[in-house]
Amino acid sequence: MTLVVGLTGGIGSGKTAVADAFAARGVDVTDTDRLAHALTAPGAPGFGAILAAFGRGLRRPDGSLDRASLRRLVFADAAARTQLEAILHPLIRDAARRECTGWRSPYGLLVVPLLFERGGLADVVDRTLVVDCPEDEQVARVMRRSALAADEVRAIMAAQLPRAERLRRADDVLDNAGSPASIAPQVDALDLRYREMAAAAAAIAGRGA
Ligand code: ADP
């Protein structure tokens, strides 16, 4: 089995930018947000289950899921959120495990925004990499990329682990407080280390076989 590096970090910390940098170095990347999106497309298992649970009114005229209404619904109603998570998390976990098994690179990245908060994929991950930047910077970046107001971003952050706690749990940290140009040299160094770790693990597995 390939070495699985779990990539996490708060909203707007730069997970996507960092994952893209690893992918550019030939590293296989599985993104659970992308899986969640695919699992709720028309015809996918999550789509029917969500309509059955929350009503067919969540279907848009073009037949797709009304994601904005669903997001509002679960944001306002904790029981609905729990119900949605009970539908989606097992599907995402299974899909993520399946995809990781098909990786071809010596190690791969599993991007899980709420890796520490939910824990459902903790047993799949060999090592954790946290993308970090100051909280004010998270707010500024998310506001630049979306139509969210500062208090809406802070409400999302309040449902995530505090920065200090996330850093405490990290095996490795990518410091993304600086400019985007500072991502590449850190990814180069981590990539080298992960390739060495994967090679060492493969050598041990080979000896055991
Ligand atoms: P996440 O996936 O963690 O939510 P993204 O990678 O999408 O975060 O980054 C959030 C936004 O901030 C994006 O618009 C991205 O282009 C931008 N961004 C990422 N890293 C930096 C950086 N070091 N400096 C400035 N902007 C950044």
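In this text the structure is predicted, and so the values were computed from the model without any measurement.

Basis of the calculations
Residues numbered from 1 in each chain as written. Predicted model: local features only at pLDDT ≥ 70, side-chain atom pairs only at ≥ 80, totals over all residues. Heavy atoms only, no water. Pairing = 2+ DSSP bridges. Helix = DSSP H or I, 4+ residues; strand = E, 2+ residues; numbered from the N terminus. Axes fitted to C-alpha atoms, helices over the stretch in contact; angles between N-to-C directions. Contact = heavy atoms within 4.5 Å. Buried < 20%, exposed > 50% of the residue type's maximum accessible area, 1.4 Å probe, protein only. Salt bridge = Lys/Arg side-chain N within 4 Å of Asp/Glu carboxyl O.

1. With respect to the sheet that holds strand β1 (residues 3-8)
Spatially, β2-β3-β1-β4-β5 is the arrangement adopted by the five strands of the open sheet, whose pairing is parallel. Lying at the two open borders of the sheet, with one neighbouring strand each, are β2 (28-31) and β5 (172-175). With strand direction ignored, the average angle separating the axes of adjacent strands in the sheet is 25 degrees. With five bridges joining them, β1 and strand β3 (residues 107-111) adopt parallel strand pairing. The residue of β3 that forms the bridge with leucine 7 is valine 111. Contacts between helix α2 (residues 32-39) and the sheet are confined to β2 and β3, with β2 contributing the most and set at about 55 degrees to the helix. Packed on one face of the sheet, helix α5 (residues 78-101) meets β2 and β3 and runs near 175 degrees to β2.

2. With respect to the pairing of β1
Among the six residues of β1, six are classified as buried, and the element is accordingly described as predominantly covered. By the alternation rule, side chains of β1 split into Leu3, Val5 and Leu7 and Val4, Gly6 and Thr8, which are all buried. Looking at chain direction, β1 and strand β4 (residues 127-132) are connected through four bridges and run parallel. Among the inter-strand pairings, leucine 7 is bridged to a residue of β4, identified as leucine 129.

3. Section: the pattern of salt bridges
One pass over the full model with this rule turns up 15 salt bridges. For the salt bridge of glutamate 99 with arginine 34, the shortest nitrogen-to-oxygen distance reads 2.9 Å. One end of the pair, glutamate 99, is in helix α5; the other, arginine 34, is in helix α2, with 65 residues separating them in the sequence. A relative accessible area of 27% places glutamate 99 in the partly exposed class. Glutamate 165 is paired through a salt bridge with arginine 169; the nearest N and O atoms lie 3.2 Å apart. Note that glutamate 165 and arginine 169 are positioned in helix α9 (residues 163-169) at a spacing of four residues, about one turn of the helix. Under the relative-accessibility criterion, glutamate 165 is labelled partly exposed at 23%. If you follow the salt bridges from partner to partner, you end up with Arg127, Asp172 and Arg193 in one network.

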